[in-house]
Amino acid sequence: QVHLEESGGGLVQAGGSLTLSCAASGRTSPLYAMGWFRQAPGKERDLVATVDWNSGRTYYRDSMKGRVTVSRDKPLNQGYLQMNNLEPEDTAVYFCAAAPELCFGFGCEFEYWGQGTQVTVSS
């Protein structure tokens, strides 16, 4: 199976920026997509963005569109989520996930998950 581990979370002031990383190890081939999710206290887990592993094409949900950039580095087996102009409402645990089967955009079944990294945005 694929093991995922997020890093880069922490405390940031409103308006600041933060970049999260997701390191993939284990059986990383095939890997078709990597997704980023977040879950705030008392709320459901929401999809933020996905990136096609081969082409690098990106897909964004409206919640953070325009303030985030998702990318991946294939040789390093790492994914990234760059977040800018953060708001207190962005406070959540952020997860990365991997889809091991062919899929596109938001239609992927993410079977492997990291444990999450906490992002806290202060006002």
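For the structure itself, consult the block above.
Residues numbered from 1 in each chain as written. Predicted model: local features only at pLDDT ≥ 70, side-chain atom pairs only at ≥ 80, totals over all residues. Heavy atoms only, no water.

**Q** I tried to follow the overall build of the chain on my own but got confused; where do I start?
**A** For the chain, the helix and strand inventory stands at zero helices and eleven strands. The globule rule puts the C-alpha radius of gyration for 123 residues at 14 Å, and the 13 Å found for the chain is close to it. Its C-alpha atoms give the chain principal-axis dimensions of about 40 × 30 × 25 Å. The buried share among the 123 residues of the chain stands at 42%. Long-range pairs, those at least 24 residues apart, make up 55% of the contacts in the chain with a sequence separation of at least 6. Only carbon and sulfur atoms are counted for the fraction: they give 44% of the accessible area of the chain, which is about 6,500 Å². Across the chain, the centroid of the 10 positively charged side chains sits 5 Å from that of the 13 negatively charged ones. (Helix = DSSP H or I, 4+ residues; strand = E, 2+ residues; numbered from the N terminus. Rg over C-alpha atoms; globule rule 2.2 N^0.38 Å. Buried < 20%, exposed > 50% of the residue type's maximum accessible area, 1.4 Å probe, protein only. Contact = heavy atoms within 4.5 Å. Areas by Shrake-Rupley, 256 points an atom, 1.4 Å probe, with all protein chains shown as cover. Lys, Arg positive; Asp, Glu negative; His and termini not counted. Charge placed at Lys NZ, Arg CZ, Asp CG, Glu CD.)

**Q** Help me understand the state of the cysteines, please; the structure alone is not making it clear to me.
**A** A disulfide bridge is the covalent bond that connects two cysteines by way of their sulfur atoms. For the structure on display, the rule yields two disulfides. The residue that forms a disulfide with cysteine 22 is cysteine 96, at a sulfur-sulfur distance of 2.0 Å. The disulfide joining cysteine 22 to cysteine 96 has a torsion of about 65° about its S-S bond and is therefore right-handed. Residue cysteine 22 is located in strand β3 (residues 18–26), and its partner cysteine 96 is located in strand β9 (residues 92–99); the two are separated by 74 residues in the primary sequence. For the pair formed by cysteine 22 and cysteine 96, the shared burial category is buried. There is a disulfide in this structure between cysteine 103 and cysteine 108, and the S-S distance comes to 2.1 Å. The sign of the S-S torsion, about 90°, decides the handedness of the disulfide formed by cysteine 103 and cysteine 108: right-handed. Exposure remark for cysteine 103: the relative accessible area of 7% places this residue in the buried category. (Disulfide = S-S within 2.5 Å.)

**Q** Can you walk me through unusual backbone geometry in this structure?
**A** Note: most residues except glycine have negative phi, and most peptide bonds are trans. With an omega of 0°, the peptide bond between serine 29 and proline 30 qualifies as cis. Among the secondary structure elements, proline 30 is positioned in the loop between β3 and β4 (33–39). One non-glycine residue, asparagine 77, lies in the positive phi region at around 55°. By secondary structure assignment, the location of asparagine 77 is in the loop between β7 (68–73) and β8 (78–83). With phi around 50°, asparagine 85 is a residue other than glycine that occupies positive phi space. Position of asparagine 85 relative to the elements: it lies in the loop between β8 and β9.

**Q** It is not clear to me how the packing of aromatic side chains should be interpreted in this structure. Could you clarify?
**A** Pairs of aromatic rings are described using the distance from one ring centre to the other and the angle between the two planes. In this structure the tally under the stated criterion is three aromatic pairs. Judged by centre distance (5.4 Å) and plane angle (85°), the ring pair of phenylalanine 37 and phenylalanine 110 falls under edge-to-face. Taken together, the residues phenylalanine 37 in strand β4 and phenylalanine 110 in the loop between β9 and β10 (112–113) connect sequence positions 73 residues apart. There is no split in this pair, since phenylalanine 37 and phenylalanine 110 are both buried. Aromatic ring contacts, followed pair by pair, group Phe37, Phe110 and Trp113 into a single cluster. (Phe/Tyr/Trp six-rings, centres within 6.5 Å; stacked < 30°, edge-to-face > 60°.)

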